[in-house]
Amino acid sequence: MLSERRLEVLRAIVQDYVGTEEPVGSKALTERHNLGVSPATVRNDMAVLEEEGFIAQPHTSAGRIPTDKGYRLFVDKLAGVKPLSPPERRAIQNFLDGAVDLDDVVGRTVRLLAQLTRQVAVVQYPSLTRSTVRHVELLSLAPARLMLVLITDTGRVEQRMVDCPAPFGETSVADLRARLNSQVAGRRFADVPQLVQDLPESFDPEDRGTVSTVLSTLLETLVEETEERLVIGGTANLTRFGHDFPLTIRPVLEALEEQVVLLKLLGEATDPAMTVRIGHENAHEGLNSTSVVAVGYGSGDEAVAKLGVVGPTRMDYPGTMGAVRAVARYVGQILAES
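Residues numbered from 1 in each chain as written. Predicted model: local features only at pLDDT ≥ 70, side-chain atom pairs only at ≥ 80, totals over all residues. Heavy atoms only, no water.

## Points about the pattern of salt bridges
- Summed over the entire model, instances satisfying the criterion amount to 14 salt bridges.
- Between glutamate 8 and arginine 11 there is a salt bridge, with the nearest N and O atoms lying 3.1 Å from each other. With glutamate 8 and arginine 11 both in helix 1 (residues 4-20) and three residues apart, the pair spans about one turn of that helix.
- Judged by relative accessible area, arginine 11 falls into the partly exposed class, the value being 24%. (Salt bridge = Lys/Arg side-chain N within 4 Å of Asp/Glu carboxyl O. Helix = DSSP H or I, 4+ residues; strand = E, 2+ residues; numbered from the N terminus. Buried < 20%, exposed > 50% of the residue type's maximum accessible area, 1.4 Å probe, protein only.)

## Observations concerning the sheet that holds strand 5 (residues 145-152)
- One open sheet holds the three strands; their spatial order is 4-5-6, and the pairing between them is antiparallel. Edge positions in the sheet fall to strand 4 (133-142) and strand 6 (157-163), since each of these pairs with one other strand and no more. Strand-to-strand twist in this sheet, taken as the mean axis angle between neighbours without regard to direction, amounts to 20°.
- For strand 5 and strand 6, the ladder comprises seven bridges, and the chain directions are antiparallel. What sits directly across from arginine 145, in strand 6, is aspartate 163.
- Strands in contact with helix 7 (residues 170-184) are strand 4 and strand 5; relative to strand 4, the strand with the most contacts, it is inclined by about 165°. (Pairing = 2+ DSSP bridges. Axes fitted to C-alpha atoms, helices over the stretch in contact; angles between N-to-C directions. Contact = heavy atoms within 4.5 Å.)

## A look at the environment of proline 39
- Within the secondary structure, proline 39 is located in helix 3 (residues 39-51).
- Look at proline 39 and you get partly exposed, because its relative accessible area is 34%.
- For the pair formed by proline 39 and lysine 27, sequence separation is twelve residues and the distance between their alpha carbons is 5.7 Å.
- Sequence-distant contacts of proline 39, defined by excluding residues within four places in its chain, comprise Ser26 and Thr30.

## Things to note about the layout of surface pockets
- If you add up the space inside the largest pocket, you get close to 450 Å³.
- In terms of lining, the largest pocket is formed by 20 residues, of which the most central are Leu116, Thr117, Arg118, Gln119 and Asp316.
- By residue number, the principal contributor to the lining of the largest pocket is helix 12 (residues 317-337), which donates three residues.
- A volume near 330 Å³ is recorded for the second largest pocket.
- Lining the second largest pocket are 16 residues, with Ile65, Pro66, Asp68, Asp244 and Thr313 positioned closest to its centre.
- When its residues are assigned to classes, the lining of the second largest pocket shows seven nonpolar, six polar and three charged. (1 Å grid on protein atoms, 1.4 Å probe; cavity = no way out; pocket = protein on both sides within 12 Å on 5 of 7 lines; lining within 4 Å. Points joined across faces, edges and corners; volume = space filled by probe spheres on them. Nonpolar A, V, L, I, M, F, W, Y, C, P; charged D, E, K, R; others polar.)

## Structural notes on the environment of threonine 109
- For threonine 109, the position within the fold is in helix 6 (residues 102-117).
- Judged by its relative accessible area of 1%, threonine 109 is buried.
- For the pair threonine 109 and alanine 99, spaced ten residues apart in sequence, the C-alpha to C-alpha distance is 9.6 Å.
- If we skip the residues at most four places from it in the chain, threonine 109 touches Leu96, Val123, Leu307, Val327 and Val331.

## Quick word on the packing of aromatic side chains
- This model, assessed by the stated rule, comprises one aromatic pair.
- Over the ring of phenylalanine 203 we find arginine 179; its NZ or CZ atom is 3.9 Å from the centre of that ring.
- Lying over the aromatic face of tyrosine 17, arginine 314 brings its terminal NZ or CZ to 6.0 Å of the ring centre. (Phe/Tyr/Trp six-rings, centres within 6.5 Å; stacked < 30°, edge-to-face > 60°. Lys NZ or Arg CZ within 6 Å of the ring centre and 35° of its normal.)

## What to know about the nonpolar core
- Counting residues in hydrophobic clusters, the biggest one holds 58 residues, and the most contacted among them are Leu29, Tyr297, Leu307 and Tyr317.
- When residues in this core are grouped by element, the largest group, eleven residues, is from helix 12.
- In this structure, Leu148, Leu150, Leu176 and Val211 belong to the second largest nonpolar core, which totals 23 residues. (Core = buried A, V, L, I, M, F, W, Y, C linked by side-chain atoms within 4.5 Å.)

## Thoughts on the packing of helix 4 (residues 68-78) against helix 12
- Viewed as axis vectors pointing N to C, helix 4 and helix 12 meet at an angle of 55°, and their least axial separation amounts to 11 Å. By the angle class used here, helix 4 and helix 12 are oblique. Considering only the axes of helix 4 and helix 12, their crossing is right-handed. Facing Tyr71, Phe74 and Val75 of helix 4, the residues of helix 12 in contact are Tyr317, Pro318 and Met321.
- When the residues that make up the contact of helix 4 with helix 12 are grouped by side-chain class, the tally is six nonpolar, no polar and no charged. (Parallel < 35°, antiparallel > 145°, perpendicular 65-115°, else oblique. Left-handed = near helix turned anticlockwise from the far one by under 90°.)

## Quick notes on a nonpolar patch on the surface
- On the surface, Leu139, Leu141 and Met161 cluster together into a nonpolar patch covering about 260 Å² of accessible area.
- As for its placement among the helices and strands, leucine 141 is situated in strand 4.
- For leucine 141, a relative accessible area of 45% gives the class partly exposed. (Patch = residues over 30% accessible without salt bridge, like charges linked within 9 Å, V, L, I, M, F, W, Y side chains within 5 Å. Areas by Shrake-Rupley, 256 points an atom, 1.4 Å probe, with all protein chains shown as cover.)

## Looking at the side chain of histidine 33
- With respect to the helices and strands, histidine 33 occurs in the loop between helix 2 (26-32) and helix 3.
- Reaching out from histidine 33, the side chain makes a polar contact with the side chain of aspartate 16 at a distance of 2.8 Å.
- Not counting the four nearest positions on each side in its chain, histidine 33 is found in contact with Ala12, Gln15 and Asp16. (Polar contact = N/O pair within 3.5 Å; in protein donor to acceptor, adjacent residues only side chain to side chain.)

Structure representation (structure tokens):
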């Protein structure tokens, strides 16, 4: 275990390196931080930190930089989550409150995260499989043609055309709409098939074919949206960190183009906890020089999707974690109110 003083030295090295982009020497540390010991003692502490693998010497310069292991200890033990200032919080709220629909919410969230953190932002659309039904609308377009509109608790709207086997009058449409909503409104998608399986039997024999057709269209809508959608923004921010990536930025850009990689990076969508993956903790080789900060968001206690940022390991972790958490909370509030 490292002593309190050595942890303080590590904290100072991380803060200085993130702030200055320059390897940190013992003399600079004692001048900038009130460590209460001589440069010789700090040099000795740095030697121990290096031996333990928390810092490394990038080249023959006198300074040291944090390793993945050093950043990990910093995030786990030393870094609090830096809260946003009241003006920053107001700016987030005002920007997101202007959103007109779910696509707009997701688009604005990506732009906002990229601007706040100056990293690459990734936002996952709320998954239908983890959503609940807010309302099912049925509209008559022609005697034997209906439009089915499914609205979810997260604001997603799915529309489908239904060709009925026989004409279906306005009264029957209103009756089916009312009965359908009494069964499924406020219920989770996973529960819907069982809730509606006996519904056709409660209608007159001549209407049962149409009711069954409407229900099969509804159930298809529930399952076919399993593909997880992601939006990414702020990729250009990476170019500011060119020297943070060994050799070239290309592997990072290539990895960011792969949706499967990004979904893995964000982690299990139902987990609301914040995750920070640093450097080689990212399984994908192209992302070994990056860190990922992600958190779940949702309209209640349960997360329906993830959002986060990707940037170099030399990241302002307290600030990034604070921004990601604050944005997730606001998006959750908007979904709950929408």
